[in-house]
Every structure is written in C-alpha cells, then in structure tokens.
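Survey of secondary and tertiary structure
Each chain is listed here by its residues.
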Amino acid sequence: MQLGMIGLGRMGANMVQRLMRAGHDCVVYDTNPGTVAELERQGATGSRDLADFCAKLERPRAAWIMVPAAVVDKVLDQLEPHLGSGDIVIDGGNSYYKEDLKHSKRLKASGVHFVDCGTSGGVLGLERGYCLMIGGDTDAVERLDPIFAALAPGAGAVERTMGRSG
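Below is a short write-up of the structure. This is a predicted model, so every value here is computed, not measured.

Cut-offs and rules
- Residues numbered from 1 in each chain as written.
- Predicted model: local features only at pLDDT ≥ 70, side-chain atom pairs only at ≥ 80, totals over all residues.
- Heavy atoms only, no water.
- Helix = DSSP H or I, 4+ residues; strand = E, 2+ residues; numbered from the N terminus.
- Rg over C-alpha atoms; globule rule 2.2 N^0.38 Å.
- Buried < 20%, exposed > 50% of the residue type's maximum accessible area, 1.4 Å probe, protein only.
- Contact = heavy atoms within 4.5 Å.
- Lys, Arg positive; Asp, Glu negative; His and termini not counted.
- Charge placed at Lys NZ, Arg CZ, Asp CG, Glu CD.
- Core = buried A, V, L, I, M, F, W, Y, C linked by side-chain atoms within 4.5 Å.
- Pairing = 2+ DSSP bridges.
- Right-handed = clockwise from strand over helix to strand, strands pointing away.
- Axes fitted to C-alpha atoms, helices over the stretch in contact; angles between N-to-C directions.
- Arc of directions from axis to C-beta.

Here's the deal with the overall build of the chain
In terms of regular secondary structure, the chain is built from eight helices and seven strands. A compact globule built from 166 residues would reach a C-alpha radius of gyration of about 15 Å, and the chain, at 16 Å, matches this within 12%. Counting only C-alpha atoms and orienting by the principal axes, one finds that the chain spans roughly 55 × 35 × 25 Å. When burial is assessed residue by residue, the chain has 46% of its 166 residues classed as buried. Put simply, 61% of the contacts in the chain that link residues at least 6 apart link residues at least 24 apart. Separation of charge centres in the chain, based on 18 positive and 21 negative side chains, amounts to 3 Å.

Observations concerning the nonpolar core
Ranked by internal contacts, the top residues of the largest apolar core, which has 29 residues, are Leu-3, Met-5, Leu-8, Val-16, Trp-64, Ile-90 and Leu-151. Sorting the residues of this core by element identifies β1 (2-6), α1 (10-21), β2 (25-29), α2 (33-41), β4 (62-65), β5 (88-91), β6 (113-120) and α8 (145-151) as the ones contributing at least two each. When residues in this core are grouped by element, the largest group, five residues, is from α1. Once residues lying within four places of it in the same chain are set aside, the contact partners of Ile-90 are Leu-3, Ala-62, Ala-63, Trp-64, Ile-65, Val-115, Cys-117 and Leu-144. With 19 residues, the next largest nonpolar core counts Val-27, Val-67, Val-72 and Leu-79 among its residues.

Notes on the pairing of β5
Here β5 shows two buried faces, one formed by Ile-88 and Ile-90 and the other by Val-89 and Asp-91. By the bridge criterion, four bridges tie β4 to β5 in an arrangement that is parallel. Bridging across to β5, Trp-64 finds its partner in Ile-90. Handedness of the crossover joining β4 and β5 through helix α4 (residues 72-79) is recorded here as right-handed. Here β5 runs beside β6; their pairing, made up of four bridges, is parallel. Opposite Asp-91, over in β6, you have Asp-116 as the bridge partner. For the crossover that starts at β5, traverses helix α5 (residues 97-108) and ends in the parallel β6, the hand is right-handed.

Overview of the sheet that holds β1
Spatial ordering of the open sheet is given by β3-β2-β1-β4-β5-β6-β7, a layout of seven strands whose pairing is mixed. Sheet topology places β3 (45-46) and β7 (131-135) at the edges, where each strand pairs with a single neighbour. Here five bridges tie β6 to β7, and the two strands are oriented antiparallel to one another. Pairing of Gly-118 across the sheet is with Met-133, part of β7. Packed onto the sheet, α4 meets β1, β4 and β5 and runs at close to 155° relative to β4.

Side note on α4
Residues of α4 that are buried: Val-72, Val-75, Leu-76 and Leu-79. Mapping the buried residues of α4 onto a view down its axis gives an arc of 100°, with all of them on the same face. Taken together, the buried residues of α4 touch β1, α3 (50-55), β4, β5 and α5.

Below you can see the structure in the form of structure tokens.
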C-alpha cells in the first residue's frame, strides 16, 4: 500500500522505514530537504513541497501528518487545496481531541476523511512497533489497516510482565 508521510522527525522517519521494511511504498515530505534525501536513498519517494507530495500519491491518497500539534493547522492549510474527495488525512501527533473534531469537520466538507491516530513508541518504535490509538470512520480505518498492521508490534511481540497471568 502507498502512504505519504509529512514530518520526518525521529518518529516520522522511523515509521517510514518500518513501513518500507513491510513492503509499503512511501512518499515523504519535510521542511528539511536533507531528511527527505536520506529516506530517498533508502527507497522512499521524496517531494519538494506539498503540491509535489500530493501529485506523487495515487488516488485515493493517504497522507499521514507527523508534526507537533501546534503546526497541524498550518500543514492542513497548505495540504487541503491539493486533496480531493475520498482522500484520507491521518494526524499521528498529540493533537487535543477537540482540535481533531474541528479538523475532521473541516475536511469532511471537501469529502476528505480524517483519522486521528495518536502514536506512541518513540525511536524504539522502528524495531518494536508503535502503539496506535485510532479514531475515524470505519471505511477510512479499514482501508488503512495494512498500514496500521505494519506499524503496530503485533500479538506476541512484547514479552509479558513477570508475575502476571492472562
């Protein structure tokens, strides 16, 4: 499956690497061209701006935003004009839930799905996987299931706590 990732800090870049290891095709964008170039060397498709980013994604597009909550609105302002009906935007950051509701309502007016996916795992997520707290309409979430499955640790991937049963 193809996914676009906006925001290639330590978690975003590691998530792209984990997805590519699982066979997914990733289109990447970051304000730091060096980070984009590094992931291109590893097999990702780089983009120079958000218009280029969206043009490189197959429709219906799936764009994951992995940026600080304070800049999500700015990213959406730049991204939204390049999106169309049926596309999905995933916010993997730590946005306040009331902001997520606002973003969902805003994008729904254009026929764009919004999925809130709080993501935890830090830099160890590349090897161990990420805890994903997924919220969104059923169709969009089910369409993204291969992405979520590749990012999550999976059953049995984490050792059980000593002295605990079940």
